Structure formats: C-alpha cells, structure tokens
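# Summary of structural features
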Amino acid sequence: MKPVLRFLVYLYPAWWRHRYGRELEALLEDSGSGWRDVWDLFRGAMEMQMSKWTFGAIVAVCGVAGLAIAGAVAFAMPYEYRSTATLKIDPVFDTDALNRVVHAAFTPQVLSEIIRQEHLYGEAPLDGSIERLLRAIRMEPAAPNLVRVSFAYNNPAQAQRVSQDLVSRIISANVNPSISQYQLRIELTTPPDPPKKVGEGKRLSLAHLGFPAGMLFGVVLALILRLRRARTAN
Amino acid sequence: MSDPTLLVLASLAEGDKHGYAMMEDIELFAGVRLGPGTLYGAITRLEERGWIGPVKTRDERRQPYRITAAGQEHLAEQLASLNRVVKTGLSRLKQA
C-alpha cells in the first residue's frame, strides 16, 4: 500500500511537492493508510494539478483524456462477424406471408435450441440470450423477390453455422402443412457467405465521440472548480 | 460540518499541530477522518488565503501550522453562522 501512496505523491505538481511533498510523505508514514487513501490522494493530486490550469487547459486535457478512454474502450470491444445468406421467394415477395413463416420458424423453443447447440452468449439468462439472438438476426430485401438473412456473432465459424441454421429453419417452416397455406416457395439461392467483420464504423464513432464528450465533461469540471474557488475565496 | 478547511481551522484553534496531529484531533472532535489528500488540499488553500502559517521547527517533515489572526476571524464568522443555523434548527424541532 505504502509504495502505491508514495507513487501518488509524484502525481502532485512539482511546485506543490517542493513545498509540501516531504510533509505528506511523513504523514503517510505516520498514519495507517488504506485503499480509501489511494483515491483520496489521487483526487487531491488532480485537484492540485488543475488548480493552476486555465479553463481552456482543463477542457483540452479532458477532451484528450476522453478520446483516449473512448478509444481504449472501443478497441477493447470484441469484433463481430456477419454471415449472410440469400433466399428467393416465389411467386411474389409478400411481406406479411414471409413474416408469418419467419414467426413460425423462430419460436422461442427453436431459438433456445440454437443458443444451446452453439453455446451462444455464455452464461447469460435464456430470455436475455433470445433477445440478443433476435437482435443479431437481420432480414432485408435484396431485390423484389430476394431477401437476405444474416446473423452476427463474435465467432466467425459460429456466425456462419447459425446463419445456415436460420435459413434452413425458414425453409422447413415454409413446407410445414400449417404454414404452407401461404403458398410461398422459398429456396436458398446463396448459402451463408464467409463472415465479414462488422462494427468498425461503430468503433470509430465511439472513439470519436470520446473527444467531444471529454470536452463537455471538462467544461462542467472547469465550471465546478471555478465555483469552488470563488466560494473558498469569499 | 464537513468542510475540511473549517475542520483544520477548528483543530488549530486549540494550538499548533502538524498534519498527523490534525488528522487525529479532527477524528476525535468531529468523528471525521480526513484523508491525506483532503487534509493537505485544505492546508494548501488555507495557507494561500493567509489563514494559517507554518511554525519554525527543526523537523521539517513534521511541519506544525498555526492559525493566523485572519484565520481566527474567518473561523469565528463561520462558526457564528453555523451556530445560528443550529439554534434555528433546534428551536424549530422543539416547536414541531
């Protein structure tokens, strides 16, 4: 504990350490310090550093810190891979009919079976996992009678397998006698492609958001410090 | 009363003390343990305001501080203000 606290003393500005550094070190030797003091010293050091900074300097430093933190968080996020298959719907693209087929294909039982088979989403509760699975499925029209079905996951092989499973289940549900009344003919035209990395844009947006967010925080912090200084000056 | 600068002034009103002695005294009379960063933040601000000053000593690592006349005046004002709040609060509690 003591080495950590002694290190934190070096976070204080040089002018401050020159005046109070040795006294603070003596106090740390005399008092029984705990983890609470680590935060207390860190906060004290930051406050002392900022006590001589201008409004603009606080805002700029917070902006850069925000960019660094958001960048670290963004690039620590696991990559996602999306595998896409294409289905041909005949005779016409009937959204309502297709929705009924998809609804019949993706029952909670089916989705939980896919989750169990592929061990998706670790130990998360089943309800939450089903919601995540549904959010990761994307269905979009590619042409008047073509629809793209895709699935995104952090493991490319699993993304491709689940994508294959999803289209197979849609096709099977369509030939089910209780569903076939909609008289759609669904066939697989393009099997699930090798998964592509997705979410790069989201990462970059998050990293870029760090700078303005940090600056905004800096403005609030600088205003708080200014108010506190004005209050202690009275 | 949790303003660290007031607590330090109140501690020094009794006599000169170094950092650790102030920490112990404040814990005893106010039941508040000031962390080392908070204590030295308060000492820095009070010295800048001229409300406390260092006392000459041979052990510079355990530097004692003394409350100045301006510091005593400020403390008296703050305590009088707090006293008014306490009295008003107590009398209102009795009426309730």
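The text that follows walks through the structure, step by step, so that each part is easy to find. These numbers come from a predicted model, not from an experiment.

### Re the packing of aromatic side chains
By the definition in use, this model includes seven aromatic pairs over all chains. Here W16 of chain A and Y40 of chain B contribute two aromatic rings whose centre-to-centre distance is 6.2 Å and whose plane-to-plane angle is 85°, an arrangement assigned as edge-to-face. Of the two residues, W16 of chain A sits in helix α2 (residues 14–30) while Y40 of chain B sits in helix α3 (residues 36–49), which places them in two different chains. The interplanar angle of 15° and the centroid separation of 6.2 Å between the aromatic rings of F151 of chain A and Y153 of chain A together place this pair among those described as stacked. Every member of this aromatic cluster is reached through a ring pair, and the members are Y12, W16 and Y20 of chain A together with Y40 of chain B. The cationic tip of K197 of chain A hangs over the ring face of Y79 of chain A; the distance from NZ or CZ to the ring centre is 4.1 Å.

### Examining the side chain of T84 of chain A
Tracing the backbone through its elements, the reader meets T84 of chain A in strand β1 (residues 80–90). Every residue in contact with T84 of chain A, bar those within four places of it in the chain, is listed here: R148, V149, S150, S163, P191, P192 and D193 of chain A.

### Here's the deal with the packing of helix α1 (residues 4–12) of chain B against helix α2 (residues 19–30) of chain B
Residues and elements named next belong to chain B. Contact geometry of α1 with α2 gives a least axis separation of 10 Å together with a crossing angle of 100°. Compared by their axis directions, α1 and α2 come out roughly perpendicular. Counting all contacts with α1, which are made through L7, V8, A10, S11 and L12, the residues of α2 involved are M22, D25, I26, F29 and A30. Here the residues of the contact of α1 with α2 are counted per class, giving eight nonpolar, one polar and one charged.

Definitions and limits used
Residues numbered from 1 in each chain as written. Chains lettered and ligands numbered in written order. Predicted model: local features only at pLDDT ≥ 70, side-chain atom pairs only at ≥ 80, totals over all residues. Heavy atoms only, no water. Phe/Tyr/Trp six-rings, centres within 6.5 Å; stacked < 30°, edge-to-face > 60°. Helix = DSSP H or I, 4+ residues; strand = E, 2+ residues; numbered from the N terminus. Lys NZ or Arg CZ within 6 Å of the ring centre and 35° of its normal. Contact = heavy atoms within 4.5 Å. Axes fitted to C-alpha atoms, helices over the stretch in contact; angles between N-to-C directions. Parallel < 35°, antiparallel > 145°, perpendicular 65-115°, else oblique. Nonpolar A, V, L, I, M, F, W, Y, C, P; charged D, E, K, R; others polar.

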